[in-house]
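An overview of the molecular structure
Given next are the chains, with one letter for each unit.
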Amino acid sequence: MQNEQEIEMYDLHPINTESTGCDNDDANEEGVMKVKSVNQAGRAAWGQDANAGLPNNFIKTSKYEWWNFVFLNLWLQFHKIANLYFLANMCFALIPGVSPVFPVTTITPLVAVVGVAAVRDAYEDWKRHRQDNKANSVSTNVLREGNEFTTVKSCDVRAGDIVQIFNNSEIPADILLLSSKRDDGGCYLETANLDGESNLKSKTALSATSKITDPASLQQIPIALKCDPPSMKLSAWNGTASWNGAQHPAGLDNLLLRGCVLRETPCLYGFVVYTGVNTKMFLNLTPPPNKKSRIDQKLERLILGILGCQQIVILILCGVSLNFAKNSSQSTAFYIKHFNDEHSPFVYFVVHYLTYFVLLSLMMPISLFLSIEFCKTLQAQFMEWDIRMYDDERQLSMKAQTASLNEELSQIQVICTDKTGTLTDNKMVFAKASCMGLTYDELANEGSMVSAIQEGNTDTARMLELFAVCNTVIPSFDDNDGSLHYAGDSTDEVALVKAANRNGFKLREKKEDYVLIETPSCEIRIEILCTLPFSSDRKMMSVVARHPSDGLLLYNKGADASVLSNLGEQTLQEVQVKRKIEDALDGYACGGLRTLCVSTRRLSESTYESWRKDHWEPAVTAVKDRDVHIENACLKLETNLTLLGATGIEDKLQDKVPETISYFRSAGVVIFVLTGDKRETAINIAKSCTLIKQNTKTIVLDVSRCGSQAPEKYLADLIEETIQCTEELGVDPWGSPTSCGTPSFSKSGDASSDSEPNEVCIVVDGATFAVIHEHCLERFKSLALKVSTALCCRVTPMQKADIVKLIQDQDRTCLGVGDGANDVSMIQRAKVGVGIMGLEGSQAERSSDYSIPRFKHLVPLLAIHGRYSLLKNSYLIQYSFYKNLVYSLCQIYYSFASGFTGQTIFDSWVIICFNMMFTLLPPLAMGLFEYDITEHEIYKYPLLYYDLRSPVGGRLSRYSIARWISWAFIHSAIIFGFMVPTMQNDDVAEERTSGIWTHGSYVMSFVISAVLAKSALLFMSWTWIHFASIILSFVAYHLFIVTYSSLPMFLGNAAYYGIFKVMYSDPKYYLLTLVIVTLLVVLEIAVVYWAKEIDPRLVDLVRESMHMKQHGLRRSKHKAGKDLEIQDLEGDHSKPLLKGEYPPGGSNSIGSPLVALQSPPSPGLLPSRRDERKSLRAARDDEHTQDSSLGSPTNPFRVNFAQLNSSQCSASPAMSLRSGSPSQSSFQLKKNKPALMSSPLLGGPALDTTRLVSQISLLEYLDEELEKNGKTSGRGSDAPPRAPRGEKVICMDDL
């Protein structure tokens, strides 16, 4: 049922918060809302309209009504500059004597674009209306007249009503729980509609009404509730219910929110507090932040630029036309002079301005706006269909909540990621424990505490007892097999309770006032007196309980820093135990475990009663700032604790997290880890994820180390020192990835010390960042741009969002990825937000732009779909403007032949069909099915992702736009240039001249042929769809010409009748078509070939490599004397990359050696010139100088880059690459280059090249060596033999 009633959380209109009920007559106290019951007793006490100022329970998320849809939708659509432009164009075309074409030419495209958008908006709003009707029509039992409940629609529920809710039903409003049919009066809720969490939450009834379950008694309670005014906070609510002079405190544990579903509770009774727009669910239905991709922003600027240029051209043409009319001779242009003489120059200018405005309106391709939206929607659908992003284990697939940011996925420079549930599985496993100095390893020996308990160790038994008592876990028995299951808000608590279960302390039953624990010897019933809830400020939770044999006890657990700071006076023995436990905590954190401390405190009856009366009861009954009062009351009791032990809980890394992070680090992406865990745990996880490596210098920013110095001064100095350190090390995370991760070289080419770190990682905690944010934020921004990675520990959700903001303020594109509700702020603040479908609910998923099942799916999402979307959309936009510019420029050229009168050379229906029919399919084929390189090559070369951010990366850059505009000028000039002689010497055939419409048909035929030929040259992934788009477009045009020119004169353009006979019978038409298309094709091929030969991009090199492999060809010569070859050590790539798999290699276990994804080779292996290749061939005969330390005996060409360090580099500029075969090859290091560092995945030395990618010509040599060893160079199917066990090898084809 909850799925049917779920309200759409996106695209909502602004919420009207004026009528929240805070201004009703009885609400005299500031910040307090009053609600009075409207049952029989309430009506007798306050009347029928006691809550008249409060809204009804009607929910409306739709935007339109049937009577205002047309007007409101048109108003919103014409806020877009493009639609407004075409509306003005249509109005100008309707002015008599102005438009050179039929008005239908301008009306039809506008109606089509606006109509399609209106239909889409109407369909989406219709779906919202259906959801609203379902939500407002839920049957609800309400107690009003008599002693029986009556059924009404949920929209008719009023504040103050007493309602009855049955099991598996949805809560219709925010209600205060009065009682239920459970023994303790409480209930269990599923809150998936609010926070996405599927774990059941327990709620308690008001103690004064928990036993009242009959309607007659409920009718006699005149409830008056004072509570917080409506707010969107889901984590806090306070109120006080009063009747008959008594006051009863109410809190969040008593409030049931709309949208939750009642579970495992037969029936409950509640008092309606908030209705309709006041409910917390509705107040949280805020629209997502408006995010625009860079391409959308550039498209807006491009539109404004085109419009500006169009206006300049129109003004120039109008001025020239006015001058031409004044100076035209009576004999050659008498009709123009006559028109000019009858009108003033101003009127003449205005008329011609409007004429050219309509004539050149196609400079703006109106079909583009439909095409780009259609293509983006299907691109998002392709992402959801991608089997690489499908999780078999949980049967989950990727979801795209938006399609507007598809291409922005390829522009990510910084990834800000959560740790728990994002990098890790969030499947907590109790790993280790330390109790009073004794250690237990549950991973190595499950149930290891049982023997200690049997030996009479009471401390261990007390700790297990604490695990079972101090928690919010709900035990339940399976109806089928009777097995015991645990569910709770915290996976850590569930892990602790399960550990207690395995060691003999089974939590079997839990009520509001007691827990039942089965121990190895007996069954214990422990009375629960008070629960001190966990808070993020205290970072602790406690339970006051009465033990049957030990009296009053305070069971406490929490973060180690919080518990250790609240310990009481200690004996010498206790101090020694504390040191052992602290050592154990450090060891757990270094092992990547989540740490927790547990403690107890013995209480006397007088101490507890005094605390309860003086602190607890006033706190829970406070109306204002109740959370603060409760927090202070808890701290009063959580003192003088006795440390019992510490625990370590393992949260394993997700599959292929190290490989995924290594891929993006190799692609030049900086990664920030933002977590709530302690520093040591985050550092260890970062090492396991390869974020921190051996050559990484880790700098900790910790305000607690300031000593007597002012915190802000200490941090400012430390930040300056860190910035200076990064500059000395030459770390540039925003440069080419080849500049990160390897030893530097001197100008002479000598390798510097390999021990010197060349990456910097900063570690900062939440408290430190708070000081930084207040006092030295600007310098910290500078530091954030200079580090290779950063770990932010113990940070709050808002601090995560602040960190994302400070990165994006530096003009860096940031991706936020997380899985929990505490990551929502970060996800929404980031340019692109990605939610992980984890175990912490679906709030992050719902708030994100894209959601994926696993962290490893970021690689196909960003590197593949992001790349393809950027390529598709940029080509679609630029090609659309190109073809319309070619058309419009021909119109402009014709103005010089028509006396600048604004006469069109094309028929009106031909103009309409140019965008809507003749050239519609090729852009769609580009936007949907185009790609430049295969997915395998994208996995293989991470630098391809970095290449997308280069100025000539194929995106919508100034360089790319200028190139497309230049081609439009060239193509249109060639087309019209060949037509000038034909128009000047008008042909005569069958006693008629060709005329303007025949010439226009010629020009349009040439334009269609040219733009289709351009699309054919542009396509890089030829399929039958690409082929069909060109053929169908070409055939459609000629079928239209034949059909339209065959229509009777009274149905079509009389002057157009029979034109197809003239055109198709003219040999000159075919000759000109052949010459023009051939010239354009040859010219473009020559320019593209020259560009790729002189200065090829990385993608060009990869495509060439793909082509060579496909056809079994040898490598080509050097490109214009430069070293532009890509190393390509062949392996077995026959296995398809499906279901999120990477090619073979890699491990996800913590601490395992990295087997890297494919990365370009180290620039330290660069051969310099072709003559060096000859020396290689000569040097391979030298069998006595072979050193096998860098290769594998079974495969001489599997190079061990990890061992290729400065020790193998001589003081001379030359270094050796030796294989396991009897050969030696010497490669000269390039001199006089600035020192740069290679991809972080490779441990070899590096040199700068003039290009961003390692460019080597090693393949020819390797081919010859493979042939020499009996292997073919034609890319055989057998993979190279593996290196010996234990050898850390980076193999180019092991991804």
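Each remark here, short or long, concerns the structure printed above.
Reading guide: rules and limits
- Residues numbered from 1 in each chain as written.
- Predicted model: local features only at pLDDT ≥ 70, side-chain atom pairs only at ≥ 80, totals over all residues.
- Heavy atoms only, no water.
- Helix = DSSP H or I, 4+ residues; strand = E, 2+ residues; numbered from the N terminus.
- Buried < 20%, exposed > 50% of the residue type's maximum accessible area, 1.4 Å probe, protein only.
- Contact = heavy atoms within 4.5 Å.
- Areas by Shrake-Rupley, 256 points an atom, 1.4 Å probe, with all protein chains shown as cover.
- Phe/Tyr/Trp six-rings, centres within 6.5 Å; stacked < 30°, edge-to-face > 60°.
- Lys NZ or Arg CZ within 6 Å of the ring centre and 35° of its normal.
- Expected span 1.5 Å × (residues − 1).
- Pairing = 2+ DSSP bridges.
- Axes fitted to C-alpha atoms, helices over the stretch in contact; angles between N-to-C directions.
- Parallel < 35°, antiparallel > 145°, perpendicular 65-115°, else oblique.
- Left-handed = near helix turned anticlockwise from the far one by under 90°.
- Nonpolar A, V, L, I, M, F, W, Y, C, P; charged D, E, K, R; others polar.
- Salt bridge = Lys/Arg side-chain N within 4 Å of Asp/Glu carboxyl O.
- Polar contact = N/O pair within 3.5 Å; in protein donor to acceptor, adjacent residues only side chain to side chain.

A few points about the overall build of the protein
Looking only at helices and strands, the protein features 40 helices and 39 strands. Within the protein, the proportion of its 1295 residues that are buried is 57%. Taking all contacts inside the protein whose residues are at least 6 apart in sequence as the whole, residues at least 24 apart take part in 75%. For the protein, the exposed area adds up to about 52,500 Å²; of that, 55% sits on carbon and sulfur atoms.

A few points about the packing of aromatic side chains
On inspection of all chains with the given rule, the structure shows 34 aromatic pairs. Clustering of aromatic rings is evident, with ring pairs tying together Tyr85, Phe86, Phe92, Tyr353 and Phe357. Its end group placed over the ring of Tyr882, Lys1014 keeps NZ or CZ at 5.9 Å from the ring centre. Taking the ring centre of Trp964 as reference, the NZ or CZ of Lys1014 above it sits at 4.7 Å.

As for helix H15 (residues 491-502)
Helix length check: H15, at 12 residues, gives a terminal C-alpha distance of 16 Å against a target of 16 Å (1.5 Å per residue), a fit within 8%. Of all 12 residues that make up H15, nine are buried, and the element is covered over most of its length. Inspection of H15 places Asp492, Glu493, Val494, Ala495, Leu496, Val497, Ala499, Ala500 and Asn501 among the buried residues, and these make up the whole buried set. In the segment just after H15, Gly504 is the residue with positive phi, at about 100°.

A word on the pairing of strand S18 (residues 424-435)
Summarising the sheet, S18 and strand S28 (residues 642-653) pair through eight bridges and their orientation is antiparallel. If you follow Lys432 over to S28, its bridge partner there is Gly648. Here S18 runs beside strand S19 (residues 438-441); their pairing, made up of four bridges, is antiparallel. In the sheet register, Ala433 faces S19, and the bridge partner there is Tyr440. Hairpin geometry of S18 and S19 is characterised by an intervening segment of two residues between the two adjacent antiparallel strands and by a positive phi of about 50° at Met436.

Considerations on the packing of helix H5 (residues 104-136) against helix H29 (residues 908-918)
Closest axis-to-axis distance for the H5/H29 pair is 9 Å, and the angle between their directions is 25°. Between H5 and H29, the angle falls in the class roughly parallel. H29 is crossed by H5, and the crossing has right-handed handedness. Residues Val104, Thr105, Thr108 and Ala112 of H5 form the contact with H29, whose own contacting residues are Ser908, Trp909, Ile911, Ile912 and Met916. Taken together, the residues of the contact of H5 with H29 break down into six nonpolar, three polar and no charged.

Description of the sheet that holds strand S2 (residues 139-143)
Judged by pairing direction, the sheet is antiparallel, and its six strands sit side by side in the order S3-S2-S4-S13-S5-S11 without closing on themselves. This sheet does not close on itself; its edge strands, each paired only once, are strand S3 (149-153) and strand S11 (255-256). Pairing between S2 and S3: five bridges, direction antiparallel. Residue Ser139 lies in a different strand from S3, and its bridge partner there is Lys153.

Describing the pattern of salt bridges
Applying the stated rule across the entire model yields 51 salt bridges. Where Asp161 meets Arg144, a salt bridge forms, and the shortest distance between an N and an O atom there is 2.9 Å. With Asp161 in the loop between S3 and strand S4 (162-166) and Arg144 in the loop between S2 and S3, the pair connects residues that are 17 residues apart, well separated along the chain. Of the two residues, Asp161 and Arg144, neither departs from the other in class, the shared state being buried. Note that Lys786 and Glu727 form a salt bridge whose closest N and O atoms lie 3.8 Å from each other. Taken together, the residues Lys786 in the loop between helix H24 (777-784) and strand S32 (789-793) and Glu727 in helix H22 (residues 711-729) connect sequence positions 59 residues apart. Accessibility expressed as a relative area gives 25% for Lys786, which makes it partly exposed. Salt bridges here are not isolated pairs; linked through shared partners, they connect Asp391, Glu393, Arg394, Asp425 and Arg854.

Some details on the side chain of Lys557
On the secondary structure map, Lys557 appears in strand S26 (residues 551-558). A distance of 2.8 Å separates a polar atom in the side chain of Lys557 from a polar atom in the side chain of Glu493. Leaving out residues up to four positions away in the same chain, Lys557 has contacts with Leu466, Cys470, Glu493, Leu496, Met540, Met541, Val563, Leu596, Cys597 and Val598.

Some details on the environment of Arg846
Counting through the fold element by element, Arg846 comes out in helix H27 (residues 843-847). The class for Arg846 is buried, based on a relative accessible area of 14%. Counting along the chain gives 445 residues from Arg846 to Gln401, while the straight-line C-alpha distance between them is 7.9 Å.

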